[in-house]
Amino acid sequence: MYLFPKFENIHRPGRLRRFVEDLHSGRLHREFHGEVFNDRANEDSEPIPMPKDPKMAAKMMAEQQKLERKKKDAGTAPPESVFRKLEPNKNRYSLLEKDEL
C-alpha cells in the first residue's frame, strides 16, 4: 500500500491522476525499494523565507546548497552486488570433496 505524499495537494489538478499512473506503472514500487527519481523532487516544497540578517541568510543559503549537492550525489551510485560473495555452503554439499562416491 502506498500513501499519497501530501494529502492537502490531492485537490490540485492532475496530482491524483499522476499518483494512480505511478501506481500502475510501478514507479511507486521502485521508489519504495530505493530508486531515486529527480524529476519531481521539489514540486510540493514551498520556499523557505529568508531572514533579514545577511549573515543568517548566507548561512541558510550555504546549508541549502549543501543539501542539494547531497541529494544529487545520493542516487548516482548503484548498490554493491552480492552475487560475487555467493558460494556453496561447506557443510551442506559434499560433492566437491567427493567422499560419497
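Refer to the preceding data block for the structure.
Residues numbered from 1 in each chain as written. Predicted model: local features only at pLDDT ≥ 70, side-chain atom pairs only at ≥ 80, totals over all residues. Heavy atoms only, no water.

A.B. asks: Which residues make up the overall build of the protein chain, and what values go with them?
C.D. replies: Across its full length, the protein chain holds three helices and zero strands. Classification of the 101 residues of the protein chain by burial places 9% in the buried group. Here the contacts in the protein chain between residues at least 6 apart in sequence split such that 29% fall between residues at least 24 apart. Of the roughly 10,000 Å² of accessible surface on the protein chain, a fraction of 56% belongs to carbon and sulfur atoms. (Helix = DSSP H or I, 4+ residues; strand = E, 2+ residues; numbered from the N terminus. Buried < 20%, exposed > 50% of the residue type's maximum accessible area, 1.4 Å probe, protein only. Contact = heavy atoms within 4.5 Å. Areas by Shrake-Rupley, 256 points an atom, 1.4 Å probe, with all protein chains shown as cover.)

A.B. asks: Which residues make up the pattern of salt bridges, and what values go with them?
C.D. replies: A full pass over the atoms with the stated rule returns two salt bridges. We note a salt bridge from Lys-85 to Glu-80, for which the minimum N-O separation is 3.6 Å. The two residues Lys-85 and Glu-80 agree in class, both being exposed. (Salt bridge = Lys/Arg side-chain N within 4 Å of Asp/Glu carboxyl O.)

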